Amino acid sequence: MPSTGLTFSADGKTATLQMANVPIIDQPRWPAVDAETTPAFLDFKLVFTATDEPVNYENAMQQYRFEGFKAKAQLEATTRVPLIDFTFKTDPLETSKCDFAVMGDEVNGRYYEPSRG
Amino acid sequence: MARDRLGSFELNRRRWLELGITSALAAWLPGARLNAQSAPQSCAPSIPQNHEPSNGGPCPYPIPWLDKNGNHNQAAMPNVELSSIYHFKGKLARCSGFHGMGTDNKGNRLAWGTPTTDYSYMAGEYWAARQPHQAVFAHT
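Bear in mind the structure is a predicted one, so any value in this text is a computation, not a measurement.

Peer 1: So what exactly am I meant to see when it comes to the overall build of chain B here?
Peer 2: Helix and strand content of chain B: zero helices and five strands. Mapped in sequence order, the helices and strands of chain B form the string β-β-β-β-β. Partitioning the intrachain contacts of chain B with sequence separation of at least 6 by distance along the chain shows that 46% fall at a separation of at least 24. For chain B, the accessible area works out to roughly 6700 Å², and carbon and sulfur atoms hold 53% of it.

Peer 1: Is there a simple way to explain the overall build of chain A in this structure?
Peer 2: The number of helices and strands found in chain A is zero helices and six strands. For chain A, the N- to C-terminal ordering of α and β elements is β-β-β-β-β-β. Across its three principal directions, the C-alpha atoms of chain A cover 60 × 35 × 25 Å. Residue burial in chain A is summarised as follows: out of 117 residues, 46% are buried. Carbon and sulfur atoms make up 51% of the accessible area of chain A, which totals about 6100 Å².

Peer 1: Help me understand the packing of aromatic side chains in this model?
Peer 2: To describe a pair of aromatic rings, one takes the distance between the centres and the angle between the planes. Residues and elements named next belong to chain B. Across all of its chains, the model carries eight aromatic pairs over all chains by this definition. An angle of 90° between the planes, with centres 6.0 Å apart, marks the rings of Phe-98 and Tyr-119 as edge-to-face. Placement of Phe-98 in strand β2 (residues 88–104) and of Tyr-119 in strand β4 (residues 118–128) is noted, with a sequence separation of 21 residues between them. Residue Phe-98 is classed as buried on the basis of its relative accessible area, which comes to 0%.

Peer 1: Looking at this model, I keep getting lost on the interface of chain B and chain A. Mind explaining?
Peer 2: One widely used convention gives an interface's size as the accessible area the parts lose upon coming together. Each partner contributes to the interface: chain B provides 69 residues, whereas chain A provides 59 residues. Counting across the chain B and chain A interface gives one salt bridge. A salt bridge links Arg109(B) to Asp91(A), with the nearest nitrogen and oxygen atoms 2.7 Å apart. In this assembly, chain B and chain A are joined by 22 residue pairs in polar contact (both at pLDDT 80 or more). Listed by contribution, the elements that provide at least two residues to the side of chain B that touches chain A are β1 (24–28), β2, β3 (109–112), β4 and β5 (131–139) of chain B. No other element matches β2(B), which puts 16 residues into the side of chain B that touches chain A.

Peer 1: Where do I start with the pattern of salt bridges in this structure?
Peer 2: All names here are of chain A. Under the criterion given, the structure shown has nine salt bridges over all chains. Between Asp-34 and Arg-29 there is a salt bridge, with the nearest N and O atoms lying 3.4 Å from each other. The exposure class assigned to Asp-34 is exposed, which follows from its relative accessible area of 53%. A salt bridge links Arg-29 to Glu-36; its shortest N-O distance comes to 3.0 Å.

Peer 1: Help me out: how do you make sense of the side chain of Asn108(A) in this one?
Peer 2: Note that Asn108(A) resides in strand β6 (residues 97–108). Asn108(A) gets classed as buried once you look at its relative accessible area, which sits at 0%. Engagement of the side chain of Asn108(A) in a polar contact is seen with the side chain of Glu81(B), the distance being 3.2 Å. Once you skip the residues sitting within four places of it in the chain, Asn108(A) turns out to touch Gln63(A), Tyr64(A), Ile63(B), Glu81(B), Ser83(B), Ile85(B), Tyr86(B), His87(B) and Phe88(B).

Peer 1: Explanation requested: the environment of Ala44(B) in the structure shown.
Peer 2: Residue and element names in this part refer to chain B. In this structure, Ala-44 sits in the loop between β1 and β2. Taking C-alpha positions, Ala-44 is 4.9 Å from Gly-57, a pair spaced 13 residues apart along the chain. Beyond its immediate stretch of four places on either side in the chain, Ala-44 contacts Gly-57 and Cys-59.

Definitions and cut-offs
- Residues numbered from 1 in each chain as written.
- Chains lettered and ligands numbered in written order.
- Predicted model: local features only at pLDDT ≥ 70, side-chain atom pairs only at ≥ 80, totals over all residues.
- Heavy atoms only, no water.
- Helix = DSSP H or I, 4+ residues; strand = E, 2+ residues; numbered from the N terminus.
- Contact = heavy atoms within 4.5 Å.
- Areas by Shrake-Rupley, 256 points an atom, 1.4 Å probe, with all protein chains shown as cover.
- Buried < 20%, exposed > 50% of the residue type's maximum accessible area, 1.4 Å probe, protein only.
- Phe/Tyr/Trp six-rings, centres within 6.5 Å; stacked < 30°, edge-to-face > 60°.
- Salt bridge = Lys/Arg side-chain N within 4 Å of Asp/Glu carboxyl O.
- Polar contact = N/O pair within 3.5 Å; in protein donor to acceptor, adjacent residues only side chain to side chain.

These values are about where atoms sit, not about what they do.
Below, the structure written as structure tokens:
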């Protein structure tokens, strides 16, 4: 995605991911193998806000470490399916809820070194 | 990534396209290409000419034990690999379990979201074709 689509607040605690006219597909019968598709478009704005609760997920066997914070995430979006004249607009960002969100930094694979202690 | 499967929602057709939307957005810096549904084909390894070395293509590696096809990952939750890319370092955020309400163009009020409605961003460096690459990715 264009780097301009992802912005951070000065303190790094808020991240905003925003894109418009993202080409997607409408595939109501997915995952049926013969599920038909219709071209569609998505505009969305997603805002992550970090809390003060740290998280650290690490697995040396699988060679990954995520260090960050639990977060609040909220989303507003509009979808359009021109061929069937369908649009859907979510309520404003503030009204959405998310059950799980984290934001932080990840290293894995060749970049991973196990934490000491 | 499109783990939005037929679930228990009562809304039977649209669900904000949720059951059918699959979009993995990847764009490259520089270049700013926007791609949906799958990784760009342009990063496939080329056939070397004149005996040049072949080091693979610049496509990011999927997490090996999660998805050999590189399209899906696992639901975001504590103590799991949150990245969709192997050999990655950088900023990452994941969220799942969105739910809310919205309105279609006929005025119908519809609920959207399932436990697997998730979004993410990844911004940083990944390793492919024996060299580092900088990129920003989003998953919707």
